[in-house]
Amino acid sequence: MGERDVRMASGTGRWIVFTTVLGSGMALLDSTVVNVALPHIGADLGADLAVLQWTVNAYMLTLAGLILLGGSLGDRFGRRRVFVIGVVWFALASLLCGLAPNAGVLIAARALQGVGGALLTPGSLALIQASFHPDDRARAVGLWSGFGGVGAAIGPFVGGWLVDGPGWRWVFLLNVPLAALCVPVALKHVPESRDEAAHGRFDVLGAVLGAAALALVTYALIGEAWWAGAVGVVVGAGFVRVERRRGERAMVPPSIFASRMFTAVNLVTLCVYAAFGGFFFLAALQLQVVSGYSALGAGTALLPTTVLMLLLSARSGELGERIGPRIPLTVGPLLCAAGMLLMLRVGEDASYVRDVLPALLVLGLGMTALVAPLTATVLASVDVSRAGLASGINNAAARAAGLLAVAALPMLAGMGPEAYRSAEEFGATFRRAMPMCAGILVVGAVIAWTTMRTRAPADCHPECRVHCGVTSPPLDPGQRDTAG
């Protein structure tokens, strides 16, 4: 049996799905539960708001900056090998998070977690793509996505239960036994694979410059150290220059942005995920600090958005394929903006059914409308051979947008270092932040409406694809299902 001939019905096929879901689920679970734990982390460590921001952003920073490099390492040295290294790395960093005696150690450990996440996250889907027979690949990807969705849905609930029960440290310590189960299964049952065509040097300089630029700008926004922001802009310009000089050998080849559609959909991604990152960071605090929810209550309260995505995303993707990306990527952000504005009703005496739930239902419908079509448009806007690269760039853009939003929103809304300790002060700044998030989403909707076409990429006549900004051939249904 070749490395690309594993069948879904075989024992090996089931083990591959189990292993990749478990590994990527660790990173996904961690990203969904930490926001719920933030007030308890701050109280236990005597931390101010900046520490809570760095607790989220240290992880996002290294993950966003290194995820493309992580995918390249897997292609070159073996996807299973790099995936296993990432799982072990992530588990050890999680252990350090759980044992952290102070805020500095916790932030450093979260940055190390992001490195592990950058190694294992691209490897999980790449293992499925490289191992399964083409006839079973779409089903395997569907199972991977479905179980991942279930993990995302239960994440806030599990996180809230752990925080209110054994304590916030178990949010991180839970990853250790999961990794202990994942690693031996991967080594025994998952076949190794690599890209034999991968050669040349890694774009380490590009990765370092990109991560450094993000770090400096983030530091400037959180610490209001404007010198760091200026240096970050200079380093960012250096990153762009290096990538242009390296051409097709770059981590982010400039030629991929020759597709106007790819450029446009990434601009929409930046707007959408900046708003999402800021919203979920602040909403979990608002529900606990202002509305008086427990950690478990706040985690459970936020479930409707994920449940709606889990139930309706497949249909949303099918609809987007029929009518094209323009309407979903315009209506979706506008619905999300309306949901965030409805959150202005959530205060000290908020009723869940009357105030919180309607806002989250509208937000969830907007997220359902836009996320699947956005992903499909990213993949359809470039040649099939570059689908993995396109997906990786879009993933990094989404995480970088969330990182910058968590850094910038508290400053723009006027949150002081101790704001999260005062219901009155935090509530006032939350009411200033939500319209900002909604405004970013409106900008994304405008970009989508003015740049996207109404017809689906596969339906465009070949002569109009250049006008639409897509220079690659359309994906046939089988390619679209397995492109990533």
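The model shown is predicted, which means the values in this text are computed figures rather than measured ones.

Trainee: Can you explain a nonpolar patch on the surface? Please cite residues and give values.
Mentor: On the surface, a nonpolar cluster with roughly 410 Å² of combined accessible area is contributed by Val88, Leu92, Leu95, Leu99 and Val176. No other element matches the 4 residues that helix H3 (residues 79-99) contributes to the nonpolar patch.

Trainee: So what's going on with the environment of Lys188? Which residues, and what values?
Mentor: Structurally, Lys188 can be placed in helix H7 (residues 175-189). A residue is classified by how much of its surface remains accessible, and Lys188, at 67% relative accessible area, is exposed. With 176 residues separating them along the chain, Lys188 and Thr12 place their C-alpha atoms 9.6 Å apart.

Trainee: A description of the confidence of the model for the chain should follow, citing residues and the corresponding values.
Mentor: Looking at the chain as a whole, the pLDDT averages 84, with 89% of positions reaching at least 70. Under a pLDDT of 50 for its full length, residues 456-484 has, in the predicted model, 58 contacts with residues more than four places off or in other chains.

Trainee: I'd like a rundown of the pattern of salt bridges, residues and numbers included.
Mentor: On inspection of all chains with the given rule, the structure shows 4 salt bridges. Across the salt bridge formed by Arg354 and Asp355, the nearest N and O atoms sit 3.4 Å from each other. The partner of Glu418 in a salt bridge is Arg421, with the nearest N and O atoms 2.4 Å apart. Note on Arg421: relative accessible area 43%, which makes it partly exposed. Through salt bridges with shared partners, one network takes in Arg345, Arg354 and Asp355.

Trainee: Go over the nonpolar core with me, naming the residues and quoting the values.
Mentor: Phe276, Leu282, Met340, Phe426 and Met434 are the most contacted members of the largest nonpolar core, which totals 129 residues. Among the elements that take part in this core, helix H10 (residues 260-290) stands out by supplying 18 residues, more than any other. Listed in part, the 5 residues of the second largest apolar core include Leu221, Ile222, Ala407 and Ala408.

Trainee: Please provide a residue-by-residue account of the environment of Gly347, values included.
Mentor: If you trace the backbone, Gly347 turns up in the loop between helix H13 (326-342) and helix H14 (352-380). Separated by 56 residues in sequence, Gly347 and Ser291 have C-alpha atoms that sit 5.7 Å apart. Contact partners of Gly347, with chain neighbours within four places excluded, come to Gln286, Val290 and Ser291.

About the cut-offs
- Residues numbered from 1 in each chain as written.
- Predicted model: local features only at pLDDT ≥ 70, side-chain atom pairs only at ≥ 80, totals over all residues.
- Heavy atoms only, no water.
- Patch = residues over 30% accessible without salt bridge, like charges linked within 9 Å, V, L, I, M, F, W, Y side chains within 5 Å.
- Areas by Shrake-Rupley, 256 points an atom, 1.4 Å probe, with all protein chains shown as cover.
- Salt bridge = Lys/Arg side-chain N within 4 Å of Asp/Glu carboxyl O.
- Helix = DSSP H or I, 4+ residues; strand = E, 2+ residues; numbered from the N terminus.
- Buried < 20%, exposed > 50% of the residue type's maximum accessible area, 1.4 Å probe, protein only.
- pLDDT = per-residue confidence, 0-100.
- Contact = heavy atoms within 4.5 Å.
- Core = buried A, V, L, I, M, F, W, Y, C linked by side-chain atoms within 4.5 Å.

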